[in-house]
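Here is what each chain is made of, one letter per residue.
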Amino acid sequence: MLSEQEQIRRESLQKIISYGINPYPAEEFKFSHYSSQILENFIDGEKVIIAGRLMRRKIQGKASFGSIQDAKGKIQIYLNRDIICPDEDKSMYNDVFKKWLDLGDILGIEGKVFKTRVGEISVNVEMIHLLSKSLKPLPQPKVDTDGITHDAFNDPELRYRRRYVDLIVNDYVKETFLKRSKVINSMRKFLSKKDYVEVETPILQSIPGGAAAKPFVTHHNALDVPLYLRIANELYLKRLIVGGFEGVYEFAKDFRNEGMDKTHNPEFTQMEVYVAYKDYHWMMSFTEEMLEFICLEVLGTTDVKIGNNTISFKKPFKRISMLNSIKEHTGIDISKMGVKELFETCKKLNIETNDSMGKGKLIDEIFGEKCESNYLQPTFITDYPIEMSPLCKKHRDNDELTERFELMVNGKELANAYSELNDPIDQKLRFEEQIKLAERGDDEAMLIDLDFIRALEYGMPPTSGMGIGIDRLVMFLCNQSSIQEVLLFPQMKPEKWDTGPNKKEYLKLNIAESWIQPLYEIGYTSVSILLEAKPTAVHQKLNSYRKKNKLSIPPILLEEVEAWYK
RNA sequence: GAUUCGUUAGCUCAGCUGGUAGAGCACAUCCCUUUUAAGGAUGGGGUCCUGGGUUCGAACCCCAGACGAAUCACCA
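Quick caveat: nothing in here was measured; it's all calculated off a predicted structure.

### What to know about the overall build of chain A
Then, in step 1: A count of helices and strands for chain A gives 20 helices and 20 strands.
Then, in step 2: In terms of overall dimensions, chain A has C-alpha extents of about 90 × 80 × 50 Å along its principal axes.
Then, in step 3: Considering only intrachain contacts with a sequence separation of at least 6, the fraction spanning at least 24 residues in chain A is 62%.
Then, in step 4: Counting only carbon and sulfur atoms, one obtains 51% of the accessible surface of chain A, whose full area is about 29,900 Å².
Then, in step 5: Within chain A, the 86 negative side-chain charges are centred at a point lying 5 Å from the centre of the 78 positive side-chain charges.

The following block contains the structure:
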């Protein structure tokens with residue numbers, strides 16, 4: 001059912017067509033200025049052509065005001081009947097503009113720049129071109145002189161589902177996504193200046209590797225095999241280092257079939273970079289250099305406001321090993337502890353455990369519970385337990401640790417990096433360890449990618465790799481606390497659409513076509529629902545619907561309704 | 001998955017103790033030659049999320065469900 005306003009717009013559309021205007025013209029519309037250019041460089045009397053959406057309209061007799069929103073902002077337009085219609089025929093103003101155009105229509109405007117009495121730079125309109133008619137009314141948020149927004153369009157579900165509307169009416173949304181684009185561009189610029197090669201690796205993988213996460217499964221018909229959407233691209237990028245690239249990187253969409261919340265979307269973007277002959281110490285410097293560069297390029301400063309905190313991305317960042325961090329925040333030295341003692345320590349610290357947890361997992365729990373949230377300023381946490389880092393090289397000084405770091409910012413993980421494990425025999429053992437862990441109850445089994453082992457057997461130079469969550473980085477730099485705000489189209493439950501009655505179904509029961517829509521409207525949305533109801537009730541409801549909606553068809557007889565049930 | 005809160009006009013929201021569904025914006029008609037969220041007058045617009053129940057009577061109370069938000073848990 002169309003709302004009254006939608007019906008009125010459709011009627012206006014018909015009138016426009018009858019008047020001889022094509023509401024959806026095919027021709028290119030050449031405009032001379034963006035709104036921002038006119039506002040920034042006011043030239044009284046300059047002739048301009050602009051194009052955009054009509055966002056405000058205020059009719060005052062012979063004169064009207066409006067505003068046009070284009071890609072770069074908004075500008076006021078002023079219309080005067082006798083300027084638009086210099087001849088006898090005033091219909092272009094009186095009918096077309098005043099009656100048949102609506103807020104939301106896309107217009108081309110020709111006119112001259114001037115300042116109103118109140119001093120606002122405006123375009124005095126000489127000619128209007130309708131470029132596209134809008135049939136659905138927009139929400140109408142208004143900002144007053146104190147900067148307070150009235151009637152804000154702020155229901156998250158509606159905003160995410162109709163991002164196009166969100167972008168039209170909420171200026172800050174567009175800014176977020178412009179900034180996101182800038183962040184990615186400047187990261188790419190940084191990487192490509194180093195002469196590393198941007199590559200693309202498979203999204204459909206037969207073995208989903210490189211991380212511990214549940215994948216999405218799909219099926220390839222011609223090969224008749226299952227394929228997985230990638231959870232990470234790490235193993236492919238390392239194959240390329242084997243192949244002789246010095247440095248490779250990819251901005252990768254990864255897919256993880258797990259819970260969704262404010263910080264997790266089923267598909268998300270990571271940038272991973274791998275560089276030959278480097279180690280994780282080098283990568284720390286590289287990472288802080290890159291982040292500082294991006295902040296300066298995008299924000300012009302290394303000080304970023306996140307919530308109530310100001311975070312400084314000025315290098316160098318603090319570095320601390322995981323074990324020292326735990327010692328610092330709990331006073332407990334766990335460096336020499338075995339599994340049993342770790343379980344006891346967790347108990348003492350009120351950390352929940354279960355039997356499937358190995359040593360690494362326990363340490364990770366302690367860190368996650370007691371330390372992680374303390375690191376507001378960018379901090380590299382280094383040297384993770386070996387059990388939780390199956391793709392990472394053993395620490396040069398300690399067999400139980402790995403050469404790994406995570407970069408914590410505002411209490412959350414932003415980047416993760418290793419000195420990459422390049423010993424194929426060790427790698428195979430580590431994969432097998434993971435499978436043992438998986439058998440103990442962890443359902444996120446890492447399958448063994450034998451081709452990856454084979455690649456390592458050919459020899460991979462010592463390499464350091466780093467992955468950084470683009471969505472998280474953008475959240476930080478845009479001061480947004482939810483990932484949905486930095487994704488144009490965050491994943492939502494599929495929308496339910498009212499597609500109307502399935503007429504064939506009803507016709508099969510010999511129901512007259514004129515009664516199908518009424519049946520549907522009063523709740524008998526399918527034949528099976530209808531047949532469950534009593535014919536007498538259906539009969540009564542139909543006739544009262546007829547009366548209420550003043551249908552021009554004769555009342556239905558009970559016998560007719562009963563006939564459907566035979 | 002748990003708890004709490006919410007769902008009323010195109011949008012933002014009121015709606016008291018259960019008693020004829022409301023406001024602002026938007027829309028329509030009329031008046032008005034430069035307005036700054038808001039000129040004036042009049043008017044139209046509703047599956048009060050859905051389905052049951054209680055009641056003479058339900059937007060409101062009870063039960064079940066759908067959807068959403070927040071917090072927590074789980075998972076990286």
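### Describing the sheet that holds strand S18 (residues 404–409)
Then, in step 1: The mixed open sheet is built from eight strands, whose spatial order is S8-S12-S13-S20-S19-S18-S17-S16. What marks the edges here is a single partner per strand, and that holds for strand S8 (197–198) and strand S16 (318–321).
Then, in step 2: In terms of strand pairing, S18 meets strand S19 (residues 412–419) through six bridges, oriented antiparallel. Across the sheet, the residue bridging to Phe405 is Ala417, located in S19.
Then, in step 3: The strands touched by helix H8 (residues 234–242) are strand S12 (247–255), strand S13 (267–276), S19 and strand S20 (463–469); relative to S13, the strand with the most contacts, the crossing angle is about 25°.

### Looking at the packing of aromatic side chains
Then, in step 1: This model, assessed by the stated rule, comprises 14 aromatic pairs.
Then, in step 2: Their ring planes at 85° and their centres at 6.2 Å tell us that Tyr249 and Phe251 sit as a pair that is edge-to-face. One exposure class covers both Tyr249 and Phe251, and it is buried.
Then, in step 3: On the basis of an interplanar angle of 70° and a centroid distance of 6.3 Å, the ring pair of Phe313 and Phe317 is categorised as edge-to-face. The pair formed by Phe313 and Phe317 is uniform in burial state, with each residue classed as buried.
Then, in step 4: What links up through ring pairs into an aromatic cluster is the set Phe190, Tyr196, Trp282, Phe286 and Phe293.
Then, in step 5: For Arg57, the ring lying beneath its charged end belongs to Phe97, and the centroid distance is 5.7 Å.
Then, in step 6: The ring of Phe42 has Lys115 sitting right over it, with the charged end atom 4.8 Å from the ring centre.

What counts and how
Residues numbered from 1 in each chain as written. Chains lettered and ligands numbered in written order. Predicted model: local features only at pLDDT ≥ 70, side-chain atom pairs only at ≥ 80, totals over all residues. Heavy atoms only, no water. Helix = DSSP H or I, 4+ residues; strand = E, 2+ residues; numbered from the N terminus. Contact = heavy atoms within 4.5 Å. Areas by Shrake-Rupley, 256 points an atom, 1.4 Å probe, with all protein chains shown as cover. Lys, Arg positive; Asp, Glu negative; His and termini not counted. Charge placed at Lys NZ, Arg CZ, Asp CG, Glu CD. Pairing = 2+ DSSP bridges. Axes fitted to C-alpha atoms, helices over the stretch in contact; angles between N-to-C directions. Phe/Tyr/Trp six-rings, centres within 6.5 Å; stacked < 30°, edge-to-face > 60°. Buried < 20%, exposed > 50% of the residue type's maximum accessible area, 1.4 Å probe, protein only. Lys NZ or Arg CZ within 6 Å of the ring centre and 35° of its normal.

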